[in-house]
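Chain by chain, the residues:
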Amino acid sequence: MNAPLMPEMKPLSRVHDQRLRQMYRSAGWPCQDTIEIELLAAGLLERITPPAAAEYLRVTDAGVQRLAVALNQNRKALDTHEALVQRVAEHLVGYDRLTYRGLTLLAKPDAQWLHLRPDVFSIRNTTVEDYVEPVVHEIKVKRADLRADLKKPEKRAGYLALSSECYYVLAAGVADPDEIPPECGVIIAEPERLHTVRAAPKRPMKLSFGSYMALAKADPVRVLREPSPRF
């Protein structure tokens, strides 16, 4: 009799690497969710059951190798801009907002459809449509990039058409807040905080069906925290 075929596994993602790092530096308490199942099936985690003690998880040698590869890739990828994008995204997740990086959305501020990719797009974690309050954060760490962006009013109009608030997040020293158009808010990325120096005008806004579909197909940013120890 032929052995049953194993179902094809989807490629592991950044979320899996984050969980693997979490397990590597923690006590290894099982979460018993799908991420953990996939890591176990891939041989990156293993179950340890000591005599007369609770089962725990341990990162395998293959898991350590994957962590080393992911760490090297992250060092190359997280340049100044990407690091600030991630910082803003994690800050919004901390306020219980569903937050997305690199999300492609379709907007039609005037007569032309635009495909836009805001650096960070977030909505409130709510089931009430009127309370969703979508917000765009555009990240700028170089003055030349900001000046080029400000010369594209159609792009800015597209962001405004997608959100109830639109912010420019600027690295310290990139620009004076007064240089940013008044329809947008301004946040300065200081070493210890993200300082809102001008709040964005807030407007009533409902997401289009197309935007909801884009959100449904995308993975929100997740910030993994250490599990509480079990006693």
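Look up a bit, the structure's there.
Reading guide: rules and limits
Residues numbered from 1 in each chain as written. Predicted model: local features only at pLDDT ≥ 70, side-chain atom pairs only at ≥ 80, totals over all residues. Heavy atoms only, no water. Pairing = 2+ DSSP bridges. Helix = DSSP H or I, 4+ residues; strand = E, 2+ residues; numbered from the N terminus. Axes fitted to C-alpha atoms, helices over the stretch in contact; angles between N-to-C directions. Core = buried A, V, L, I, M, F, W, Y, C linked by side-chain atoms within 4.5 Å. Buried < 20%, exposed > 50% of the residue type's maximum accessible area, 1.4 Å probe, protein only. Contact = heavy atoms within 4.5 Å.

Student: Would you mind showing me how to read the sheet that holds strand β9 (residues 185–189) here?
Tutor: Working definition: the strands of a sheet are paired by backbone hydrogen bonds and lie parallel or antiparallel to each other. Strand order in the open sheet formed by 6 strands is β3-β6-β7-β8-β9-β10, and the pairing between neighbours is mixed. Where the open sheet ends on each side, the last strands, each with one partner, are β3 (97–101) and β10 (194–198). When the angles between neighbouring strand axes are averaged without regard to direction, this sheet yields 25 degrees. Where β9 and β10 come together, 4 bridges link them in antiparallel fashion. Bridged to I187 within β10 is T196.

Student: Quick question: what am I supposed to make of the nonpolar core here?
Tutor: Across soluble globular proteins, you tend to see nonpolar side chains buried next to one another. Counting residues in each nonpolar core, the largest one holds 44 residues, and the members touching the most others are L84, V88, F121 and L170. Those residues in contact with F121, other than ones at most four positions away along the chain, are L98, T99, Y100, L103, L105, P134, V135, V136, L162, L207 and L215. Residues V15, M23, L39 and L57 belong to the second largest nonpolar core, which totals 10 residues.

Student: For this particular structure, what's the right way to read the pairing of strand β7 (residues 135–140)?
Tutor: Of all the 6 residues making up β7, 6 are buried; the element is thus mostly covered by neighbouring parts of the structure. Alternating residues of β7 divide into V135, H137 and I139 and V136, E138 and K140, and every residue in both groups is buried. By the bridge criterion, 3 bridges tie strand β6 (residues 120–124) to β7 in an arrangement that is antiparallel. For F121, the partnering residue across the bridge sits in β7 and is V136.

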